[in-house]
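These are the residues of each chain, in order.
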Amino acid sequence: MIKAAVIGASGYIGGELVRLLAMHPEVEISAVTSRHHNGKKIHKVHPNLRGLDLRFTNNYNFDADVVFLAVPHGTSMKIIDDYVESAKIIDLSADFRVSLNLYKEYYGEHLKPELIDEFVYGLPEIHREEIRRAELIANPGCNATAVILALYPFKGEISEAIVDLKVSSSAGGRRENVASIHPERSNVVRIYKPSHHRHEAEVRQETKVNAQFTVHSVDLIRGLLATIYFKMEINEKELYKKYFRYLKEPFVRIVKEKGGMQRLPDPKYVIGSNFADIGFTYDERNQRVVLFSALDNLIKGGAGQAVQNMNIAFGLDETLGLNYLPVYPV
Ligand SMILES: NC(=O)C1=CN([C@@H]2O[C@H](COP(=O)(O)OP(=O)(O)OC[C@H]3O[C@@H](n4cnc5c(N)ncnc54)[C@H](OP(=O)(O)O)[C@@H]3O)[C@@H](O)[C@H]2O)C=CC1
Ligand SMILES: CC(=O)N[C@@H](CCC(=O)OP(=O)(O)O)C(=O)O
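Not measured: the values here are computed from a predicted model.

Hey, could you run me through the nonpolar core in this one?
It is characteristic of soluble globular proteins that their nonpolar side chains tend to be buried jointly. Grouped together as the largest cluster of nonpolar side chains are 40 residues, with contacts concentrated most on Val147, Leu151, Leu165, Ile228, Phe230 and Leu291. Elements with a minimum of two residues in this core: α6 (142-151), β8 (160-167), β10 (210-218), β11 (224-231), β13 (276-283) and β14 (288-295). Broken down by element, this core gets its largest block of residues, eight residues, from α6. Residue contacts for leucine 165: discarding those within four places in its chain leaves Asn143, Val147, Phe213, Thr214, Val215, His216, Leu224, Leu225 and Ala226. Membership of the second largest hydrophobic core comes to 35 residues, among which are Ile29, Ile42, Val120 and Val270.

Would you mind going over the site of ligand 2 with me for this structure?
Near ligand 2 lie 13 residues; those nearest to it are Arg185, Tyr192, His197, Arg198 and Ser217. Within the contact set of ligand 2, an oxygen atom lies 3.4 Å away from a backbone nitrogen or oxygen of alanine 171. Here arginine 198 contributes a side-chain N or O atom positioned 2.6 Å from an oxygen atom of ligand 2. For ligand 2, the accessible surface in isolation is 440 Å², of which the surrounding protein chains cover 91%. Looking at the shell around ligand 2, its residues break down into three nonpolar, eight polar and two charged.

I would appreciate a short explanation of the domain arrangement of the chain in the present structure.
Bring the parts together and some accessible area is lost; that lost area is often taken as the interface size. Considered domain by domain, the chain is made up of domain 1 (2-139 + 299-313) and domain 2 (142-295). Of note, the centres of domain 1 and domain 2, computed from C-alpha atoms alone, are 24 Å apart. With 26 residues of domain 1 at the interface, the matching set in domain 2 holds 31 residues. Contact between domain 1 and domain 2 buries roughly 2,500 Å² in total, counting both sides, with carbon and sulfur atoms accounting for 54%. The largest contributions to the domain 1 side of the interface with domain 2 come from Tyr12, Tyr106 and Lys300, which together make up 26% of the buried area. On the surface where domain 1 and domain 2 come into contact, there are four salt bridges. In this structure, arginine 97 engages glutamate 202 in a salt bridge whose closest nitrogen and oxygen atoms are separated by 2.9 Å. At the boundary of domain 1 and domain 2, one finds 18 residue pairs in polar contact (both at pLDDT 80 or more). Those elements that place two or more of their residues in the side of domain 1 that touches domain 2 are α1 (12-22), α3 (100-106), α5 (124-132) and α10 (299-313).

The rules behind each value
- Numbering of residues begins from 1 in every chain and follows the order in which that chain's sequence is written.
- Chains carry letters from A onward and ligands carry numbers from 1 onward, assigned in written order.
- It should be noted that, the model being predicted, local features are given only for residues of pLDDT at least 70 and side-chain atom pairs only at 80 or more, the latter also being counted only at that level, while totals for whole chains, interfaces and linings use all residues.
- In computing side-chain properties, one takes all heavy atoms of the structure into account and sets aside hydrogens as well as water.
- In this description, a nonpolar core means a group of buried Ala, Val, Leu, Ile, Met, Phe, Trp, Tyr and Cys residues linked to one another through side-chain atoms lying within 4.5 Å.
- Each residue is placed in one exposure class: buried if its accessible area under a 1.4 Å probe, protein chains only, is under 20% of its type's maximum, exposed if it is over 50%, and partly exposed if it falls in between.
- Think of it this way: any DSSP run of H or I at least four residues long counts as a helix, any run of E at least two long counts as a strand, and we number them from the N terminus.
- The contact criterion used is simple: two residues touch if any of their non-hydrogen atoms lie within 4.5 Å.
- We call a residue near a molecule or strand as soon as one heavy atom of that residue lies within 4 Å of the molecule or strand.
- Definition of a polar contact: a pair of N or O atoms within 3.5 Å, with one able to donate and the other able to accept a hydrogen when the atoms are protein atoms, and with sequence-neighbouring residues admitted only if both atoms are side-chain atoms.
- Areas reported as accessible are Shrake-Rupley estimates using a 1.4 Å probe. Residue values count occlusion only from the protein chains shown.
- Side-chain classes follow a simple rule in which Ala, Val, Leu, Ile, Met, Phe, Trp, Tyr, Cys and Pro form the nonpolar group, Asp, Glu, Lys and Arg form the charged group, and the remainder, Gly included, forms the polar group.
- Domain boundaries shown here were taken from an automatic or database domain assignment.
- By buried area we mean the combined loss of accessible area, with a 1.4 Å probe, across both parts when two parts are placed together.
- For this document, the term salt bridge refers to a Lys or Arg side-chain nitrogen within 4 Å of an Asp or Glu carboxyl oxygen.

Next up, the structure:
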């Protein structure tokens, strides 16, 4: 059995990690940490986890083969030294996802620049072989995962794209914030980040496309939809072929139907699963490609992808503990 510890288990990503790891046949959870809930049973913070025999601890001296860092960005680089020698690390923050130059442009100064190159960018569909050998894995951002998966087949052919993102409230984490209380957050179509969203950095690094994000907060609890626009002379048949590369991928589905209730990706139909759904259309009159990418930010955009990375890094079947269909209706 793999002994796994979750640092930041009281947050939304931490809670999802514990839920997935508790159902994983090859994992034993050795520690779930929280500074604020030390000693409490896990269901006092995550009521959905009632029945699990786990208590939060604030003691970071535990035995683990893999440590998941589910802490805010800027925090992982402060605490990482405690684990680097003793376990594989899967960091869900943004601290080790991009090169130092990109990091400085989007986030500021880095406290551990010497470690950045030691990390593998944990997007299995692109970096599977490096992940197999990795000790340190930087799990991608949720928005970045959706956009990179859709854009990657165009790498080297385009240099710019406009990206419209609609994101759910759980993407902002559990921390207190007046903009997130129900009367303020419900019913919104709020411009959250008009430009220069930090996940652009990952897309630029992985696809070499200057992707320009505008991010909207919409009235969803989980899930996100990316709509991506760029000019290109192509047709729908050729666009379809671009995505043949994903035909054998267990967690990427191409969604493109002529009729019926769902013609193109919609976060509603991936919630609770590790799927990323990708679709496309071609506006012939304007020679404009439009791509669509939907996923559950807490699963393929976070905890599920982290478990997928763990499976790969420990030589297990990549889909172990992740092979379930979305919850519907939600
Ligand atoms: N929410 C999402 O959709 C996604 C989030 N991510 C990333 O995952 C990480 C976690 O996100 P999320 O769960 O949403 O955030 P939350 O704010 O919900 O949770 C973060 C947790 O980290 C713990 N924490 C904070 N500071 C420290 C510290 N110095 N030492 C130890 N623990 C600390 C807190 O627990 P306590 O105070 O109890 O110790 C808190 O519960 C972030 O980096 C985020 O960017 C990545 C993909 C998707
Ligand atoms: C607080 C807040 O407004 N959150 C946003 C989502 C945040 C997001 O997409 O998160 P990153 O910028 O960390 O990726 C929301 O509620 O929709």
